[in-house]
Amino acid sequence: MTFSLSRRQALGVVLGGAIAAPSVLRAQAIKEIRIDWATYNPLSLILRDQKLLETEFEKEKIAIRWVQSAGSNKALEFLNAGSIDFGSTAGAAALLGRINGNPIQSISVFSRPEWTALVTKPGKGVEKVADLKGKSIAVTRGTDPHIFLIRALAEAGLKERDARLVLLQHADGRTALARGDVDAWAGLDPLMAAAELEDGAALFHRRPEHNTWGILNTPTAFAEKNPEIVKRVINVYETARKAALADIKPVQAALVAAARLPEPVIARQLTRTDLSTSVIGKVQAETITAAGVALQEAGVIKADVDVKGVVASLIEPKFTAHLAS
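Residues numbered from 1 in each chain as written. Predicted model: local features only at pLDDT ≥ 70, side-chain atom pairs only at ≥ 80, totals over all residues. Heavy atoms only, no water.

### A look at the layout of surface pockets
A probe as big as a water molecule, rolled over the atoms, marks out the empty space that is left. Stated formally: Buried and open spaces are told apart on a 1 Å grid over the protein atoms alone, a cavity being a set of points where a 1.4 Å probe fits but cannot get out and a pocket being an open set with protein on both sides within 12 Å along at least five of seven lines. Residues with an atom within 4 Å of a point are the lining residues. Grid points are joined across faces, edges and corners, and a volume is the space filled by probe spheres set on the points. Counting from the N terminus, the helices are DSSP H or I runs at least four residues long and the strands are E runs at least two residues long. As a working rule, the residues Ala, Val, Leu, Ile, Met, Phe, Trp, Tyr, Cys and Pro are called nonpolar, Asp, Glu, Lys and Arg charged, and the rest polar, with Gly in that last group.
Estimated volume of the largest pocket: approximately 370 Å³. Every residue lining the largest pocket is counted, 20 residues in all, and those nearest its centre are Ala 93, Leu 96, Gly 97, Asn 100 and Gly 142. Elements with a contribution of two residues or more to the lining of the largest pocket: helix 5 (72–81), helix 6 (91–99) and helix 7 (144–155). Looking at the lining of the largest pocket residue by residue, the classes come out as eight nonpolar, eight polar and four charged.

### What to know about the sheet that holds strand 7 (residues 118–120)
Quick reminder of the rule: Should DSSP find at least two bridges between two strands, the strands are regarded as paired. The axes are straight lines fitted to the C-alpha atoms, using for helices just the contacting stretch, and the angles between their N-to-C directions are given from 0 to 180°. In what follows, residue pairs with any heavy atoms lying within 4.5 Å of each other are defined as contacts.
Pairing in this open sheet of five strands is mixed, and the strands run 9-8-10-7-11 from one edge to the other. Single-partner strands in this sheet number two, and they are strand 9 (164–167) and strand 11 (202–205). The average undirected angle you get between the axes of adjacent strands in this sheet is 35 degrees. The pairing of strand 7 with strand 11 spans three bridges and is classified as antiparallel. Considered in strand 11, the bridge of Thr 120 is made with Ala 202. Set on the sheet, helix 7 makes contact with strand 7, strand 8 (136–139), strand 9, strand 10 (184–186) and strand 11; between it and strand 8 the angle comes to about 145 degrees.

### Concerning the pairing of strand 6 (residues 104–113)
Short version of the rule: Relative accessibility decides the category of a residue: with a 1.4 Å probe and only protein chains considered, values under 20% of the type maximum give buried, values over 50% give exposed, and everything between is partly exposed.
The element strand 6 is extensively covered by neighbouring structure, given that nine of its ten residues are classed as buried. Here six bridges tie strand 6 to strand 12 (residues 214–219), and the two strands are oriented antiparallel to one another. Each residue of the ladder has a partner; that of Val 109, found in strand 12, is Ile 215. Bridge count between strand 6 and strand 13 (residues 273–274): two bridges; the pairing is antiparallel. Within the sheet, the bridge partner assigned to Arg 112 lies in strand 13 and is Asp 274.

### Here's the deal with the sheet that holds strand 12
Judged by pairing direction, the sheet is antiparallel, and its four strands sit side by side in the order 5-12-6-13 without closing on themselves. At either margin of the open sheet sits one strand with a lone partner, and together these are strand 5 (87–90) and strand 13.

Structure, rendered in structure tokens:
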């Protein structure tokens, strides 16, 4: 007699005379968890440096492999390629990834930062967004700074083609601005704070509400197969978040070491980083949807895309529901 998969799952699987639930079997099958760290995700540094995940999964002998993400675009590439199980991105970047076929779910919040603004240097003739017409702008495509730039241009009646975008990773964008190779840069902290304090750069356009949340993502298939693993990773993140709220100094020290930037720079970044929640749900969905609609109006997202529907499929609140109270 042949059972269907669902019937097998309903009955359980007999191992050594005992019946084990499929979720337990799946968890036991995991030998390694691959997770990113990023300087734009301060909590990831605490997890990595203090080996919190290694401790959490030590009994099961599940190894933890850390992979650096240099930006949301890189985290999304890693997730799409199946080379990491958890990746840190901006909420709007995760939305674009999902629209473009990246099968991910956004499962928790790691911060609400004002981590991007438009940056220039004195003498470039740039004081407001409208001044960017015909100017060169360094930007990392597919990241929150890129999305922030598009929205800013649209509000000023401009499109991407009205300026000259120079596609660089975040660190190279800062360098290009410092050298005078570009007129402006869609910045990202902590590099943006370093540009302010070390290069004399100025943040000429700030809209904190247009910075979408810092989101932890996982492939949908991984979440479906390993819900308990996902929940445990989020719980460890929650431990790190609470510790950071109680004492920010370890976070600052970890960022100084990882970013190789002075303490005043990291302190500036952290003043713009809100660590008040891990919960993902309606509030994040509304912010990300607003960004998506703005991008659709700017022609970046096709008119036939159901932005609200995609956001609904992207945001998965069940893994942080127990943290909401």
